[in-house]
Amino acid sequence: MNATLIATLGTEPQGVTWMLDWLLRRGFAIDEVLVLHTSARVIEPALEKLQSEFSQTYPTIQYRAEAVQGEEGAILDIASEKETWAFLRAMYRAIRRVKRAGRPVHLSLTGGRKTMAVYAMVAAQLLFDENDRAWHMISEVHWSGTERRMHAAPLDRYQVVAVPVVRWSDAATVRVLLAEVDDPWEALRRQQEFTLQEVMRRRREFWEHHLTPALREVAELLVREGLDNAEIARRLHKSEHTVANQLTRVYRAFDAWRGVHTGKTGASRAAFIAEFASLFSKGDT
């Protein structure tokens, strides 16, 4: 499947071409390259070099350079909060466009400021799926100075490593973001909302399917009202011994549900209350 390489650019354009060459040699069908960059004057020679290189060396690959835009126009550097947010918005939208076209993304984290790589990963965590890849280049070659070779020589010592992307969103959430959300901050809000909904769903599932009615009765008084064993026993007309045994069963079920195996008798009362207090908060049913 044809794919798009999205790269960030600083003053050294070799980061783009070396990465592209490496991907092509390994059989990735890159037929489109998108370079995100600032509008600083020091970037202009790198942009000119890339334009020339793609015209001469990669005639079948579509090349596009895109300047990051902020609220007040072109961004000259990534050195403030506003500029960082502008870059995140640009990267998020770039990845989203490619994904909506049904193309895999190869994201290069090599060029430009380190801040670019950090926020590019934020966008990747929101939108990537199993077909997308992030890469970083480790090189012992000094690119600065007069010799700026656009392609690696046989003896150049460098390697490209895959960067694991821990995705925040499941497939269904990504589909929503790709279809509906053009702003990364709204995407982050939606992702947090989806995550909270999933957490609440799992809590309700535990409460309804892992606890018997009798255990739920005891556990609810513990969580909702914070009663101790003696008070729960009086309220339910049970012995303290019975309540203690039932709560032990509740805690063990809780440990099994969250995959905790400590070898002890069960989860702590405080941990259990903290986990399920939201089930009985105002406005939740």
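A brief structural summary. (Residues numbered from 1 in each chain as written. Predicted model: local features only at pLDDT ≥ 70, side-chain atom pairs only at ≥ 80, totals over all residues. Heavy atoms only, no water.)

1. Section: helix α4 (residues 114–127)
1) Next: Over its 14 residues, α4 extends 20 Å from the first C-alpha to the last, a length consistent with the 20 Å expected when each residue adds 1.5 Å.
2) Next: For α4, the tally of buried residues reaches 10 of 14 residues, placing the bulk of the element in the interior.
3) Next: Buried residues along α4 sit against β1 (3–8), α3 (81–100), β6 (105–108), β7 (133–139), α5 (171–180) and α6 (184–209). (Helix = DSSP H or I, 4+ residues; strand = E, 2+ residues; numbered from the N terminus. Expected span 1.5 Å × (residues − 1). Buried < 20%, exposed > 50% of the residue type's maximum accessible area, 1.4 Å probe, protein only. Contact = heavy atoms within 4.5 Å.)

2. What about the pattern of salt bridges?
1) Next: Summed over all chains, the structure comprises 19 salt bridges.
2) Next: We note a salt bridge from Arg-103 to Asp-31, for which the minimum N-O separation is 2.2 Å. Within this pair, whereas Arg-103 is found in the loop between α3 and β6, its partner Asp-31 is found in strand β2 (residues 30–37), the two being separated by 72 residues in sequence.
3) Next: The exposure class assigned to Asp-31 is partly exposed, which follows from its relative accessible area of 24%.
4) Next: Note that Arg-235 and Glu-225 form a salt bridge whose closest N and O atoms lie 3.0 Å from each other. With Arg-235 in helix α8 (residues 229–236) and Glu-225 in helix α7 (residues 213–225), this pair connects stretches of sequence that are 10 residues apart.
5) Next: One salt-bridge network, in which partners are shared between bridges, spans Glu-180, Glu-186, Arg-189, Arg-190 and Glu-193. (Salt bridge = Lys/Arg side-chain N within 4 Å of Asp/Glu carboxyl O.)

3. Considering the packing of aromatic side chains
1) Next: In total, this model carries 18 aromatic pairs according to the counting rule given.
2) Next: Measuring from centroid to centroid gives 4.5 Å for Phe-54 and Tyr-63, while their planes differ by 15 degrees, and the two rings are stacked.
3) Next: Of the residues examined, Tyr-63 reaches a relative accessible area of 15% and is grouped as buried.
4) Next: Their ring planes at 80 degrees and their centres at 5.4 Å tell us that Phe-254 and Phe-272 sit as a pair that is edge-to-face. Placement of Phe-254 in helix α9 (residues 240–257) and of Phe-272 in helix α10 (residues 269–276) is noted, with a sequence separation of 18 residues between them. Per residue, the accessibility class of Phe-254 equals that of Phe-272, and both read buried.
5) Next: Through pairs of rings, three or more aromatic residues link up here, namely Phe-206, Trp-207, Tyr-251, Phe-254, Trp-257, Phe-272, Phe-276 and Phe-280. (Phe/Tyr/Trp six-rings, centres within 6.5 Å; stacked < 30°, edge-to-face > 60°.)

4. Remarks on the packing of α6 against α9
1) Next: The geometry of α6 relative to α9 is characterised by a closest axis approach of 11 Å and an angle of 140 degrees between their N-to-C directions. Classed by the angle they form, the pair α6 and α9 counts as oblique. At the point where α6 passes α9, the crossing takes the right-handed sense. Note on element contacts: α9 touches α6 through Val-250, Ala-253, Phe-254 and Trp-257, opposite Arg-202, Arg-203, Glu-205 and Phe-206.
2) Next: Looking at the contact of α6 with α9, its residues break down into five nonpolar, no polar and three charged. (Axes fitted to C-alpha atoms, helices over the stretch in contact; angles between N-to-C directions. Parallel < 35°, antiparallel > 145°, perpendicular 65-115°, else oblique. Left-handed = near helix turned anticlockwise from the far one by under 90°. Nonpolar A, V, L, I, M, F, W, Y, C, P; charged D, E, K, R; others polar.)

Functional significance is not addressed by these values, which are geometric in nature.
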